[in-house]
Amino acid sequence: MQAELTPLFIPGGFGPMELGVILLLAILLFGANKIPKLARSTGEAMGEFQKGREKVESELEEMRESGDYDESAGGDDDEFVDTEPVTSEEETDVETEPN
């Protein structure tokens, strides 16, 4: 069985010239000193998102295995009561005042 390799440059995708222009624009927008900080914070945010996603997936898998969930819990809309007014009192007062 032959391993499938991902090409470094995808045909029709970003080439070296486009990547250079994007890098130049990033340096002009953020400055050379802030790019490492921006990359670090982006990486940390992606890591936190990945941890949260894995936690939710593991909890869902545990619920499926244990059977601790009620399949009809999300489908009961008959008990929903909307207690919020559609418009506020200020909006109705403004609409009823004559000009």
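**Digging into the overall build of the chain**
When helices and strands are counted, the chain shows three helices and zero strands. If you sum the accessible surface of the chain, you get close to 9,900 Å²; carbon and sulfur atoms cover 58% of it.

**Quick look at the pattern of salt bridges**
Summed over the entire model, instances satisfying the criterion amount to three salt bridges. One salt bridge in this structure joins Arg53 and Glu57, with 3.3 Å as the shortest N-O distance. Within this pair, Arg53 and its partner Glu57 are both found in helix 2 (residues 35-66), separated by four residues, close to a single helical turn. Classification of Glu57 as partly exposed rests on a relative accessible area of 41%. In this structure, Glu61 engages Arg64 in a salt bridge whose closest nitrogen and oxygen atoms are separated by 3.5 Å.

**Re helix 1 (residues 16-30)**
Helix length check: helix 1, at 15 residues, gives a terminal C-alpha distance of 21 Å against a target of 21 Å (1.5 Å per residue), a fit within 8%. Positive backbone phi, at 85 degrees, marks Gly31, one or two positions downstream of helix 1.

**Re a nonpolar patch on the surface**
A cluster of nonpolar side chains, contributed by Met17, Val21, Leu24, Leu25 and Leu28, occupies part of the molecular surface with about 540 Å² of accessible area. You can see Leu24 is positioned in helix 1.

**Quick word on helix 2**
In this model, helix 2 (32 residues) spans 46 Å end to end at C-alpha, consistent with the 46 Å of a helix rising 1.5 Å per residue. One or two steps after helix 2, the chain reaches Gly67, where phi turns positive at roughly 75 degrees.

**Observations regarding the confidence of the model for the chain**
Any region with low pLDDT has predicted coordinates that should not be read closely. Mean pLDDT over the chain stands at 76; residues scoring 70 or higher make up 60%. Mean pLDDT across the secondary structure elements of the chain bottoms out at helix 3 (residues 89-96), with 58, and peaks at helix 2, with 91.

Quick notes on the rules
Counting from 1, residues in each chain are numbered in the order their sequence is written. Predicted model: local features are reported for residues with pLDDT of at least 70 only, side-chain atom pairs are reported and counted for 80 or more only, and whole-chain, interface and lining totals are derived from all residues. Hydrogens and water are ignored here; the side-chain numbers use all heavy atoms of the structure. Numbering goes from the N terminus for both helices and strands, where a helix is a DSSP run of H or I of at least four residues and a strand is a run of E of at least two. Under the convention used here, a 1.4 Å probe and the Shrake-Rupley method define accessible areas, while residue burial counts only the protein chains that appear. The rule for a salt bridge is simple: a side-chain nitrogen of Lys or Arg has to be within 4 Å of a carboxyl oxygen of Asp or Glu. The cut-offs for exposure are 20% and 50% of the maximum accessible area for each residue type, with area from a 1.4 Å probe on protein chains only; residues under the lower value are buried, those over the upper are exposed, and the others partly exposed. Given the number of residues in a helix, its expected span is that number minus one, multiplied by 1.5 Å. Residues qualify for a patch when their relative accessible area is over 30% and they have no salt bridge, like charges being joined within 9 Å and the nonpolar side chains of Val, Leu, Ile, Met, Phe, Trp and Tyr within 5 Å. Confidence per residue, as judged by the predictor, is encoded in pLDDT with a range of 0 to 100.

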